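# Structural overview
The chain contents come next:
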Amino acid sequence: MSRFLMVVLITLTMAGCASNVVTDYNSSVVYDNYSSWAFASGNGNSSFVSLDGNRIQSAVERELKRKEMQRVDEPKADLLVSWKIVEHERLEQSGLGLGFGFGTGNFGWGLSSPPPVREVQEGKLVIELVDKRTEEVVWRAASRRYLNENQSPEKRSKLIDEVVAEMFSKYPPDLD
């Protein structure tokens, strides 16, 4: 029993240390050459900025300011910041299934029904930094945590702030 408990504790500890974001980058780029940025036109794939879009843009601006990068108009920027929420549906079971049965001796019958299933819309945040001169993505971060329709505005805002902060904690990438 104590071995089982030890394995569970180690597994939970390792899961707690797992990163909530995944990053990828071009290792041949000199990231010190970038000092200014702007949001790329067409962010969020919509003609207007959504509530989550405003939250994302505020978080990105805060994090790049911490990196001492200056926000400028798009024509003057070294980097363009592009973001999107990649949506997908997930099936979620909730509640309990029902079942009953009867029998005698070595023979019996049973019926059961699974718990109710519903579709949940979720979205993961993806941020890309594009070198304006070459028009190539030089750095990309994707969240492993999802926004979903059941979250309150406060919870969504907190999640976006946490995810964006973790993303930019890995920028510029450690090239050593």
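Located above this text is the structure these notes cover.
The paragraphs below set out a description of the structure included in this document. (Residues numbered from 1 in each chain as written. Predicted model: local features only at pLDDT ≥ 70, side-chain atom pairs only at ≥ 80, totals over all residues. Heavy atoms only, no water.)

## Re the pattern of salt bridges
Applying the stated criterion across every chain yields a total of nine salt bridges. Glutamate 61 is paired through a salt bridge with arginine 71; the nearest N and O atoms lie 3.0 Å apart. Of the two residues, glutamate 61 sits in helix α2 (residues 51-66) while arginine 71 sits in strand β3 (residues 70-71), which places them 10 residues apart along the sequence. According to the relative accessible area criterion, arginine 71 is partly exposed, its value standing at 43%. For arginine 62, the salt bridge identified is with glutamate 63, shortest N-O distance 3.2 Å. On the basis of relative accessible area, glutamate 63 is assigned to the buried category, the value being 5%. Linked through salt bridges whose partners overlap, the residues forming this network are Arg62, Glu63, Arg66 and Asp161. (Salt bridge = Lys/Arg side-chain N within 4 Å of Asp/Glu carboxyl O. Helix = DSSP H or I, 4+ residues; strand = E, 2+ residues; numbered from the N terminus. Buried < 20%, exposed > 50% of the residue type's maximum accessible area, 1.4 Å probe, protein only.)

## A closer look at α2
Taking 1.5 Å per residue, 16 residues should reach 22 Å; α2 reaches 23 Å between its end C-alpha atoms and fits that length. Where α2 is concerned, the buried positions are Asp52, Gly53, Arg55, Ile56, Gln57, Ala59, Val60, Glu63 and Leu64. Glutamate 68, located one to two residues past α2, shows a positive phi value of around 60°. (Expected span 1.5 Å × (residues − 1).)

## What about the packing of α2 against helix α3 (residues 153-168)?
Where α2 meets α3, the axes come as close as 9 Å, and the angle between the chain directions of the two elements is 35°. Helix-helix and strand crossings are classified by hand; for α2 and α3 the assignment is right-handed. Across the interface between the two elements, Asp52, Arg55, Ile56, Ala59, Val60, Arg62, Glu63 and Leu64 of α2 pack against Pro153, Arg156, Ser157, Ile160, Asp161, Val164, Ala165 and Phe168 of α3. Residues belonging to the contact of α2 with α3 are distributed by class as follows: nine nonpolar, one polar and six charged. (Axes fitted to C-alpha atoms, helices over the stretch in contact; angles between N-to-C directions. Left-handed = near helix turned anticlockwise from the far one by under 90°. Contact = heavy atoms within 4.5 Å. Nonpolar A, V, L, I, M, F, W, Y, C, P; charged D, E, K, R; others polar.)

## Comments concerning empty space enclosed by the protein
Following the criterion strictly, the structure yields one cavity of 30 Å³ or more and no others. Empty space within the largest cavity amounts to approximately 30 Å³. Along the walls of the largest cavity sit Leu125, Ser143, Arg145, Leu147, Leu159, Ile160 and Val163, which together make up its complete lining. Here the lining of the largest cavity gets three residues from one element, more than from any other, and that element is α3. The class makeup of the residues in the lining of the largest cavity is five nonpolar, one polar and one charged. (1 Å grid on protein atoms, 1.4 Å probe; cavity = no way out; pocket = protein on both sides within 12 Å on 5 of 7 lines; lining within 4 Å. Points joined across faces, edges and corners; volume = space filled by probe spheres on them.)

## Observations concerning a nonpolar patch on the surface
A contiguous nonpolar surface patch, about 430 Å² in accessible area, is contributed by Phe102, Phe107 and Trp109. Within the secondary structure, phenylalanine 102 is located in strand β5 (residues 98-104). (Patch = residues over 30% accessible without salt bridge, like charges linked within 9 Å, V, L, I, M, F, W, Y side chains within 5 Å. Areas by Shrake-Rupley, 256 points an atom, 1.4 Å probe, with all protein chains shown as cover.)

## Here we look at the side chain of serine 36
Assignment of secondary structure puts serine 36 in strand β2 (residues 36-39). Here serine 36 falls in the buried class, since its relative accessible area comes to 7%. Among the polar contacts listed, one links the side chain of serine 36 to the backbone nitrogen of aspartate 78, at a separation of 3.0 Å. Discounting chain neighbours no more than four positions away, the residues touching serine 36 are Met69, Gln70, Val72, Lys76, Ala77, Asp78 and Leu79. (Polar contact = N/O pair within 3.5 Å; in protein donor to acceptor, adjacent residues only side chain to side chain.)

## A few points about the nonpolar core
By size, the foremost hydrophobic cluster in this structure holds 28 residues, and its most contacted members are Val60, Ile127, Trp139, Met167, Phe168 and Tyr171. At the level of secondary structure, the elements contributing two or more residues to this core comprise β2, α2, β4 (79-93), β7 (117-131), β8 (136-143) and α3. Setting aside anything within four residues of it in sequence, one finds tryptophan 139 in contact with Thr23, Asp24, Tyr25, Tyr31, Ile127, Glu128, Leu129, Met167, Phe168, Lys170, Tyr171 and Pro173. Core analysis: the next-biggest nonpolar cluster, separate from the first, contains six residues, Ala38, Val72, Leu80 and Val130 among them. (Core = buried A, V, L, I, M, F, W, Y, C linked by side-chain atoms within 4.5 Å.)

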